[in-house]
Amino acid sequence: MPAEEMGKISRKMRVAFAVSSMIFVAALAISPVKDLRLEWKQNKRAYVRFAQTRPDTKRLLADFRPGIDQIWLPELGVVDRCTTCHQGMAQPTLPDAGVPQPFRTHPPIPHRVGDWGCTVCHRGQGAATEIAEAHETTLAWEQPMLPMKYIQASCGSCHRNALAEAPKLNRGRELLAEFNCASCHKLQGITRAAMPGPDLANIGNKVSREWIYKWLKEPRTVVDADGTVKVNGYETEESPRMPQFRLNEKELVALSGFLSVQRSRSIAPYKIDPRVIARWDKQPDVADQGETRFRQMFCSTCHSLAVTRAGETKLIGGEIGPELTKVGSKVNPDWLLAWLRNPQAYLPHSQMPRYEWTDEDLYKVSRYMLTKLTDSDLLSGVPKFEAASAEEVETGKRMFIEKGCASCHAVEGVPPQQDLGPDLTALGGKNISELDFGQSKIPRTLPGYIQAKLADPTTVNPAARMPQYHMAAADREAVTTALLSMTGPPATSAREKLVVSSRTAPEFHAPGAFGRVYERYKCAVCHQFNGFGGTLAPDLSYEGSRAQKPWMIDFLKNPQTLRPTLILRMPQFNMSDQEATILADYLSLSLQSPAVDPQGAGAKQYTPQMAALGKQLYEVKYQCQSCHTIGSAGGYVGPNLNNAGNWLKPEWIEAWLKNPQALVPDTIQPRFNFTPEEISALTAYLGTLRQSGKAAPAHASIKVAAVRGAGK
Amino acid sequence: MTESRHESLHEAMERIRGTRVWKSIFRREPARTNRTRSLAIFGNLLFHFLPVKVREKSLRVRVSYYLGSISFLLFIVLTVTGILLMFYYHPAVPQAYRDMKDLRFVVTSGLFLRNLHRIAAHLMVIAVFWHMFHVFYRGGYKPPHEFNWVVGVILLMLTLFLSYTGYLLPWDQLSYWAVTVGSNIIKAMPFFGDKIRFLVLGGNTVGENALLRFYVLHVVVLPLIAGVFIAIHFWRVQKDGGLTVPEEPASVEPSLSGKPDSEK
């Protein structure tokens, strides 16, 4: 090329340069154009257009800003820009379904959105201003929004106690506790029960190998697909117990063999006086008399029995002890006698009170249980077993360990297992990449994974050791919600202060003679003492302020119910005078309410005129008889007041009438705003209601609880 | 009227040129005479920058055209976008990743800015390698270019270090694990691998200290060193006789100076 042509540029080059320049400029223009068309900007414009179609345009646009809106909470690590698009969230006029999303009003919640942000509950990516990035799992953000049906899980991330506003979460937590999930899994806020299943160290003395085989094959408690708990095929309110393990015939034989040789403590057979046996053996109705005693002693307060009425079979009775419909076909007669006399000798932690028995009662009740509470078909399908061979015992022991039986049951020579299953304390915050879906076709989401695992543990892992739980879809959703709430330790220390945990009351252990009687009769299984104990029976924390001591002694010796409609009543322990006096002494001296002043009303003089006025107020002005019974007339909602004069202390009545909720916070007794004169008059009237002489025998027949629980 | 105004403007300009301030800024007289004109030309910065002579062959449009300049241009783009990105970035855990989110979701054209920086960085690595291959196959490592070849290799290393240190800064999973793997490779070095890894990370794990170290290296230390070496590289291109062209002994094509290549 000649030197003079060097600087010349060909036409082709010019065109190429012009075209590439234009492409370059166009490429530069892409970014500003994309910036204009950002999703959040489109939503901002759409909101303005939408507001203009509404009558209250001015108010809807009052604090409209064209830029990004965000909730910034440094101490929570929250930067939520959701309100950039969700413009109408705080507007009261946009709650109806006709309002297009994202402009709808947020439904009312107990928290201020400005204080907590959005992602604390809803999850998703708060910083995002694009629809997919904010709501879904994307390449750079795994945690998607929590589906609305599990939203109560978010309440549970901070609130470790039960919340009235989150019934699904509460139900899920209840189920997790009831199913004893904590025996194998570490769970957040649900502690492992000390003894989730029965102690089997001595099971060989109690039941036969055939029965064990049958039980392992078909645990009687099954929660069917509708969520109803069935025991022996009868519906019950009882909590579900042993789940179904996938055991084959060989495993069943080996396990039953191993368990049938568990006899760690031999039982000394109790010999009932031969004269008693000789006298009652001949009587044809000995079992019927036993049944009467069984009922009089109110065994059904803790134990249920299947009762068929109008073609419908239901379990009736309490849930504290096991259901007893077929106990006669289950237990060894020698064991039964030993157990009834002293349950703690067989099972030291048993909740059953140690009754005072006469040989006569013992013989009658045991005859009843062994001959009437039976099922001849129970063991019909079970092969007859020889005594277990050493090999079977060895295999059975290995099965016992492999299947995780030791997580719930104690057996000598097998160390207790813990944390057999994975730790679930942080399951709710797991990312999808942390879950093993295997070859399954489960939806690739965290709730989907949990749901599938609960429905059938083998879907994810065919070799799963987890037993099969039968739950209704709604219950499965509740358990999933509770598991999703377990998001592990809070992310920052600032957040930790926000965790609201439940407080459990310290155990109530009474000292001295009272303590011994209290432990013997297991008072705290049903009654509460300073926040500790069961909720079946009245809270006795303030019983000393309420009841008069002589009445207490009488009542303890012969409990006569104050609420005849209840089917779960105080058992008759056949307590001695001395024991009853010890209990009454302690109750009246130590368990007093600071809100009731014994000097205040006790010193008052109640005149017959006041009592007459009180009677009139009771019957006419306030119509107390609609809930309370005196004589034979009145309602059954509140307690029977026949013997109120002997039962209640006047100062208690006064304090109670003034403000019942101050003494028992959840009582349904209305607060009437009585005048002081009316209170005195009513107290005077109630003081005149006295029954003299020995009380009538306790009601023997079982009644269906029409207002069970209404007595609180 | 207009003339008198022109006159007065001229006088004003002359007065300004006479001030100490003007003279302190501009070393030379206005280019009015031949001497001052030639001084203006020779004093021009571009003469330090551009080679004295250019071979026609090296100006032909082909795939290896201007690769060195493209690398430099990308370096400029990276410097400019990098400075802009520094306005939005905190080298701290976990704020660094949140800044990435802010760049994407909040900053106007922030994603474009970030992508420009990132894509330019990838392209620069490609361009520098390509440049190196090109120079190698042209025999650019031979005398008198040996020193500049070595400078070029140092610049290649600097480019890779810049790329690697920048990789950690978004503080996402990709960067975290890339640096974890990379620093474990350093650890595999015999005898003092551990020590060097500790030095690089400012600790035994990829954490806040590592992020800070990589940030300082990425935005201060390595760019300054690269700037110095780029200057040397350009200076030597000129001093070593311009761009390398494959030797073609039989060539009779005229060069810019009108003499055959063989005589240069």
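Predicted model only: the values in this text are computed from it and were never measured. (Residues numbered from 1 in each chain as written. Chains lettered and ligands numbered in written order. Predicted model: local features only at pLDDT ≥ 70, side-chain atom pairs only at ≥ 80, totals over all residues.)

1. Overview of the overall build of chain A
Then, in step 1: Counting its secondary structure elements, chain A contains 30 helices and eleven strands.
Then, in step 2: A fraction of 67% describes how many contacts in chain A between residues 6 or more apart in sequence connect residues 24 or more apart. (Helix = DSSP H or I, 4+ residues; strand = E, 2+ residues; numbered from the N terminus. Contact = placed C-beta atoms within 7 Å.)

2. Some details on the overall build of chain B
Then, in step 1: A tally of helices and strands in chain B yields eleven helices and zero strands.
Then, in step 2: The linear arrangement of helices and strands in chain B, starting from the amino end, is α-α-α-α-α-α-α-α-α-α-α.
Then, in step 3: By the burial criterion, 21% of the 264 residues in chain B qualify as buried.
Then, in step 4: Sequence separation of 24 or more characterises 68% of the internal contacts of chain B that already satisfy a separation of 6 or more. (Buried ≥ 20, exposed ≤ 12 C-beta atoms within 10 Å, placed from the backbone.)

3. Quick look at the interface of chain B and chain A
Then, in step 1: Across the boundary between the two partners, chain B contributes twelve residues, which contact 14 residues of chain A.
Then, in step 2: Looking at side-chain class alone, the side of chain B that touches chain A contains four nonpolar, three polar and five charged residues. (Nonpolar A, V, L, I, M, F, W, Y, C, P; charged D, E, K, R; others polar.)

4. Quick notes on the nonpolar core
Residue and element names in this part refer to chain A.
Then, in step 1: Counting residues in hydrophobic clusters, the biggest one holds 62 residues, and the most contacted among them are Met552, Leu556, Leu583, Leu648, Leu682, Tyr685 and Leu686.
Then, in step 2: When residues of this core are assigned to domains, at least three map to each of domain 4 (203–371) and domain 5 (514–687).
Then, in step 3: Setting aside residues no more than four positions away along its own chain, Leu583 makes contact with Phe514, Val517 and Leu556. (Core = buried A, V, L, I, M, F, W, Y, C linked by C-beta atoms within 7 Å. Domains from an automatic or database assignment.)

5. Details of unusual backbone geometry
Then, in step 1: The omega torsion across B:Val93 and B:Pro94 is 0°, close enough to zero to call that bond cis.
Then, in step 2: With respect to the secondary-structure elements, B:Pro94 resides in the loop between α5 (67–86) and α6 (95–105).
Then, in step 3: With omega at 5°, the peptide bond leading from B:Pro143 into B:Pro144 counts as cis.
Then, in step 4: Take B:Pro144: it is sitting in the loop between α7 (110–137) and α8 (146–168).
Then, in step 5: Notably, A:Asn574 is not glycine yet its phi reads approximately 60°, a positive angle.
Then, in step 6: Within the element layout of this structure, A:Asn574 appears in the loop between α23 (549–557) and α24 (577–590).
Then, in step 7: Judged by C-beta crowding, with 14 C-beta atoms within 10 Å, A:Asn574 ranks as partly exposed.
Then, in step 8: The residue A:Gln623 is not glycine, and still its phi comes out positive at about 50°.
Then, in step 9: Looking at the element boundaries, A:Gln623 is found in the loop between α26 (608–621) and β10 (629–630).
Then, in step 10: Its 12 C-beta neighbours within 10 Å are what place A:Gln623 among the exposed residues.

6. A look at the pairing of strand β7 (residues 312–317) of chain A
All names here are of chain A.
Then, in step 1: One ladder, built from six bridges, connects strand β6 (residues 304–309) with β7; its direction is antiparallel. In the strand pairing of β7, Ser304 is matched with Gly317.
Then, in step 2: Here β6 folds back onto β7 in antiparallel fashion, the turn holding two residues, of which Ala310 has a positive phi close to 50°. (Pairing = 2+ DSSP bridges.)

7. Describing the environment of A:Leu36
Then, in step 1: Tracing the chain through its elements places A:Leu36 in helix α1 (residues 11–36).
Then, in step 2: With 9 C-beta atoms counted inside 10 Å, the residue A:Leu36 sits in the exposed group.

8. Regarding the packing of α5(B) against α7(B)
Residues and elements named next belong to chain B.
Then, in step 1: The contact between α5 and α7 brings their axes to 8 Å, and the two run at 155°. Taken together, the axes of α5 and α7 lie roughly antiparallel to each other. Along this stretch, α5 crosses α7, giving a crossing that reads as left-handed.
Then, in step 2: In the contact of α5 with α7, the residues fall into 17 nonpolar, seven polar and one charged. (Axes fitted to C-alpha atoms, helices over the stretch in contact; angles between N-to-C directions. Parallel < 35°, antiparallel > 145°, perpendicular 65-115°, else oblique. Left-handed = near helix turned anticlockwise from the far one by under 90°.)

9. Comments concerning the packing of α23(A) against α24(A)
Residue and element names in this part refer to chain A.
Then, in step 1: The N-to-C vectors of α23 and α24 enclose an angle of 140°; their axes lie 9 Å apart at closest approach. Looking at the two axes, α23 sits oblique to α24. In the crossing of α23 with α24, the sense of the turn from one axis to the other is right-handed. The segment α23 lies against α24, with Lys549, Met552, Ile553, Leu556 and Lys557 engaging Ala580, Thr581, Leu583, Ala584, Leu587 and Ser588.

10. Description of the environment of A:Leu175
Residues and elements named next belong to chain A.
Then, in step 1: Inspection of the secondary structure puts Leu175 in helix α8 (residues 167–178).
Then, in step 2: Assessed through the 22 C-beta atoms surrounding it within 10 Å, Leu175 is described here as buried.
Then, in step 3: As for Leu175 and Arg476, which are separated by 301 residues in sequence, their C-alpha atoms are 9.3 Å apart.

11. Comments concerning the domain arrangement of chain A
Then, in step 1: On domain assignment, one finds that chain A holds domain 1 (3–36), domain 2 (39–145), domain 3 (158–192 + 420–496), domain 4 (203–371) and domain 5 (514–687).
Then, in step 2: Here domain 3 of chain A and domain 5 of chain A have C-alpha centroids that lie 44 Å from each other.

12. Notes on α24(A)
Residue and element names in this part refer to chain A.
Then, in step 1: Look at α24: 20 Å from first C-alpha to last across 14 residues, which is about the 20 Å you get at 1.5 Å a residue.
Then, in step 2: Restricting attention to buried positions, one finds in α24 the residues Glu579, Ile582, Leu583, Ala584, Tyr586, Leu587 and Ser588.
Then, in step 3: The inward-facing, buried residues of α24 contact α21 (512–520), α22 (543–546) and α23. (Expected span 1.5 Å × (residues − 1).)

13. What to know about the confidence of the model for chain B
Then, in step 1: Counting all residues, the mean pLDDT for chain B is 85, and 85% of those residues have values of 70 or more.
Then, in step 2: With a pTM of 0.71, the predicted complex shows an ipTM of 0.72. (pLDDT = per-residue confidence, 0-100.)

14. Some thoughts on the environment of B:Tyr66
All names here are of chain B.
Then, in step 1: Locating Tyr66 in the fold gives a position in the loop between α4 (46–49) and α5.
Then, in step 2: The exposure class assigned to Tyr66 is partly exposed, which follows from the 15 C-beta atoms found within 10 Å.
Then, in step 3: With 61 residues separating them in the primary sequence, Tyr66 and Ala127 have C-alpha atoms 9.8 Å apart.

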